[in-house]
Amino acid sequence: MKKIIELLAEIRPEYDFAGSNDFFEDGYLDSFDLITLVAALDKEYHTKIKGTDIVPEHFCNLEEIRKLMKGYGVEDDI
Amino acid sequence: MRLIEDIQEIKDAITQVKELGDEWYTNYYISDGVAEVWISKQQLMMYRHKNVVFIFRKRNNFSLVYYFASSFDGLVSSIKGLLDSTTETLSIDVLQRNGTECTVGNAFLKAGFDKRVRLHRMKFDAKIYESCNFDDIYYADVDDAESVYDMLHSEFDELCEQIPDLDEIKNAISNKEIMVIKDNSMLIAFLWIERIRKIAMIRYWLTNPEYRSRNFGAKLMKYVLSANKDATQVLVWVREDNIRAIKKYEKMGFINDILVDDVYCLVR
C-alpha cells in the first residue's frame, strides 16, 4: 500500500490516510481530489479507470483502492 | 447536442474518451448525486466533437460547460467545434492547484473567451472556536427563499459564481443549510453551509448592505463555525478581487487553500 499512500500524500499531505477507513467520510478527500487521485493512479499504473468505477466507494480506503487496481491488472505490491 | 437522460451516459462518455489517449483533461468534479438532480431537471446536454466530450448545464440565459479530453491538442482543436455548436453565452471553470500554469485556460483565451474571474478556495484554520449562544440566529424557512434569492442576485455574478435557482434555495432551506438573522421579516444576513460528510462548504455568507458593519455577519459565522467544529475541513470559494470578503474571512480565521478556479466566459 506504500505507493498508494505516497500518491494520496501528494494530493493531501496534511492527512494520515493510513489511519483512515473512509477518506470521504473523514473529510480527507473531496470530489476534486477524487479526480486527481484517479489521474495519478492511471499515470502511475498505465491504466484507464472507467467512468463507472470513478465513485467514492472504490477509493474510500487503501484496501478498496488496492482491490480496484487489481481488477485493472495491477498485481504489484501497491 | 442531445439531452442527457441518465448518469450512465456521462460515465460511458468518460470511459470512451479515456480510451482514446493517455492524458486526462477535465473540469467535471460533480458528484453523482448532484448530476442526477440536474439530469432530473433536464439541465444537462452532451456534445461530442472529435475525441472530446462537452457537457452543458443550461442556466437562465447561458450554459456552464464541462469537458473531458484525453489529449491537450484534442481539447484545443475541439474548442472551435464547441463554439460552433451553440450561439449562447458560455462559462467554463478551470480548477487547478495554485501556482501551476493554466495551459487549458490559455487555450480558451486564444479561442476568444475572457478570463472573467479567479476564485480562491479558503479553509478555516483556527484551532479555537469561540463558543456562541446567539438567540437571534435561526434556520431559514421557506418564506425567506425569495429574499435569499434576491440578495444573491444583487451581490454575485451569475456567470461565474453559480448562483442557485429558487428551487435549490428552497431545498437548502428544507435541509437546514441556511442560517439567518432577521429584523421582523426583513432578512439582515444569512449564511449557507453545506455539509458533505465531514467537509463543510460555505456556499454564501451575506449581509444586507443596509446592516453592514454592525457585526451581524460575524455573529453568524462564529455560530456556524462553532456548530461545525466536528468538520475536518471548512471551505469557501472567494473571488480574488473581493478584497472586503477576503479580509472578513481572514479575520474569522480562514487562509488560502491549494486550489484556484479560473472562470472563462464567452459572452454573446
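Residues numbered from 1 in each chain as written. Chains lettered and ligands numbered in written order. Predicted model: local features only at pLDDT ≥ 70, side-chain atom pairs only at ≥ 80, totals over all residues. Heavy atoms only, no water.

For chain B, an unreviewed UniProt entry supplies the name Acetyltransferase (GNAT) family protein and the organism Selenomonas ruminantium.

Chain A appears in an unreviewed UniProt entry as Phosphopantetheine attachment site from Selenomonas ruminantium.

## Some points on the UniProt feature "domain: N-acetyltransferase" (unreviewed entry) in chain B
UniProt records the feature "domain: N-acetyltransferase" (unreviewed entry) at residues 135-268 of chain B, using the numbering of this structure. Taken as a whole, residues 135-268 of chain B contains 34% helix and 36% strand, while its terminal C-alpha atoms sit 48 Å from one another. (UniProt positions renumbered as here; feature names shortened; annotations may be inferred. Helix = DSSP H or I, 4+ residues; strand = E, 2+ residues; numbered from the N terminus.)

## Focus on the pairing of strand S9 (residues 178-183) of chain B
All names here are of chain B. Bridging between strand S8 (residues 138-139) and S9 involves 2 bridges; their strand directions are antiparallel. Within S9, the position partnered with Tyr139 by the bridge is Met179. Looking at chain direction, S9 and strand S10 (residues 186-196) are connected through 6 bridges and run antiparallel. Within S10, the position partnered with Lys182 by the bridge is Leu187. Hairpin connection from S9 to S10: 2 residues lie between these consecutive antiparallel strands, with Asn184 at a positive phi of about 55 degrees. (Pairing = 2+ DSSP bridges.)

## Some points on the domain arrangement of chain B
All names here are of chain B. Along its sequence, chain B is organised into domain 1 (2-88) and domain 2 (127-231). A separation of 31 Å is found between the C-alpha centroids of domain 1 and domain 2. Contacts between domain 1 and domain 2 engage 9 residues on the former and 9 residues on the latter. When domain 1 packs against domain 2, close to 640 Å² is buried across both sides, 37% of that on carbon and sulfur atoms. Taken as a group, Lys41, Arg59 and Phe62 account for 55% of the area that domain 1 buries against domain 2, more than any other trio of residues on that side. Between domain 1 and domain 2 we count 2 salt bridges in total. Residue Glu168 is joined to Arg57 by a salt bridge in which the shortest nitrogen-to-oxygen separation is 3.6 Å. (Domains from an automatic or database assignment. Contact = heavy atoms within 4.5 Å. Buried area = accessible area lost by both parts, 1.4 Å probe. Salt bridge = Lys/Arg side-chain N within 4 Å of Asp/Glu carboxyl O.)

## Overview of the interface of chain A and chain B
Counting residues at the interface gives 24 residues for chain A, matched by 26 residues for chain B. Together chain A and chain B conceal approximately 2,100 Å² of surface at their shared face, both sides included; 53% is due to carbon and sulfur atoms. At the boundary of chain A and chain B, one finds 6 salt bridges. Put simply, Lys18 of chain B and Asp42 of chain A hold a salt bridge, and the shortest N to O gap is 2.6 Å. Counting across the interface, chain A meets chain B through 11 residue pairs in polar contact (both at pLDDT 80 or more). Of all elements in the fold, only helix H1 (2-11) and helix H2 (31-45) of chain A reach the threshold of two or more residues within the side of chain A that touches chain B. Sort the elements by how many residues they give to the side of chain A that touches chain B and H2 of chain A lands first, with 5 residues. Taken together, the residues of the side of chain A that touches chain B break down into 11 nonpolar, 4 polar and 9 charged. (Polar contact = N/O pair within 3.5 Å; in protein donor to acceptor, adjacent residues only side chain to side chain. Nonpolar A, V, L, I, M, F, W, Y, C, P; charged D, E, K, R; others polar.)

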